[in-house]
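So you can see what is in the structure, the chains are spelled out below.
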Amino acid sequence: MNLKTGKNICLFAALALLMMSAMQSTLAASMLDFDIWMRKVDKKIVEVQKRISLKEDAAAIQSAEEIEDLYLKMENYFIQIKHPDEAVQMSRDGKDAAAIISASVRDQDYEKGAMAAVSIARACSACHDSYRPFK
């Protein structure tokens with residue numbers, strides 16, 4: 001084996017390890033990731049309600065799309081850890097409500113968008129009342 005072939009093999013091995021590491025980090029979300037996502041949803045849902053009331057369409061849509069993405073991450077997390085179907089469904093419901101916010105604001109149906117935002121806030125509270133440990 002010559003020096004060039006050896007360097008290529010090392011480079012290939014390093015790239016393979018890097019790719020496997022990156023795949024594991026995207027597949028293996030942690031409870032900490034989940035906690036961060038929930039906190040972001042909490043902040044974003046307040047933000048989106050303010051943006052809707054001010055009729056700041058672009059900002060409201062952007063926040064709603066971020067919420068939708070966060071709920072998709074939660075859905076995938078619950079599927080990955082084989083959590084009860086209820087948790088997966090609640091994540092899907094949140095994702096769907098966020099999509100309703102975006103669509104409603106695009107259609108300038110602010111009341112419908114605001115109602116969808118409130119439904120997310122209520123679902124968060126209901127879930128936390130049922131599942132969050134006392135602190």
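Just above sits the structure.
All of the points below concern the structure found in this document. (Residues numbered from 1 in each chain as written. Predicted model: local features only at pLDDT ≥ 70, side-chain atom pairs only at ≥ 80, totals over all residues. Heavy atoms only, no water.)

Quick notes on the overall build of the protein chain
Item 1. Of regular secondary structure, the protein chain possesses 5 helices and 0 strands.
Item 2. Listing the helices and strands of the protein chain from first to last along the sequence gives α-α-α-α-α.
Item 3. Counting all 135 residues of the protein chain, 26% fall into the buried class.
Item 4. Of the roughly 9,500 Å² of accessible surface on the protein chain, a fraction of 61% belongs to carbon and sulfur atoms. (Helix = DSSP H or I, 4+ residues; strand = E, 2+ residues; numbered from the N terminus. Buried < 20%, exposed > 50% of the residue type's maximum accessible area, 1.4 Å probe, protein only. Areas by Shrake-Rupley, 256 points an atom, 1.4 Å probe, with all protein chains shown as cover.)

Considering the packing of helix α3 (residues 57-80) against helix α4 (residues 85-106)
Item 1. One way to put it is that α3 packs onto α4 with a least axis distance of 8 Å and a crossing angle of 165°. Between α3 and α4, the crossing angle belongs to the class labelled roughly antiparallel. In terms of crossing hand, the pair formed by α3 and α4 is left-handed.
Item 2. For the contact of α3 with α4, a count of residues per class yields 16 nonpolar, 3 polar and 7 charged. (Axes fitted to C-alpha atoms, helices over the stretch in contact; angles between N-to-C directions. Parallel < 35°, antiparallel > 145°, perpendicular 65-115°, else oblique. Left-handed = near helix turned anticlockwise from the far one by under 90°. Nonpolar A, V, L, I, M, F, W, Y, C, P; charged D, E, K, R; others polar.)

Some words on the side chain of S63
Item 1. Within the secondary structure layout, S63 lies in helix α3.
Item 2. Under the relative-accessibility criterion, S63 is labelled buried at 2%.
Item 3. Excluding residues that lie within four positions of it along the chain, S63 makes contacts with K44, E47 and V48. (Contact = heavy atoms within 4.5 Å.)

Overview of unusual backbone geometry
Working note: non-glycine residues mostly have negative phi, and peptide bonds are mostly trans.
Item 1. The residue K55 is not glycine, and still its phi comes out positive at about 55°.
Item 2. Of note in this structure, Q108 is not a glycine but carries a positive phi near 60°.
Item 3. By the element assignment, Q108 lies in the loop between α4 and α5 (110-131).

Observations regarding the packing of aromatic side chains
Item 1. If you walk through the whole model with that rule in mind, you get 4 aromatic pairs.
Item 2. Their ring planes at 65° and their centres at 5.1 Å tell us that F34 and F78 sit as a pair that is edge-to-face. Taken together, the residues F34 in helix α2 (residues 31-53) and F78 in helix α3 connect sequence positions 44 residues apart.
Item 3. Ring centres of W37 and Y77 lie 6.3 Å apart, and the angle between their planes is 80°; on these two criteria the pair is classed as edge-to-face. (Phe/Tyr/Trp six-rings, centres within 6.5 Å; stacked < 30°, edge-to-face > 60°.)

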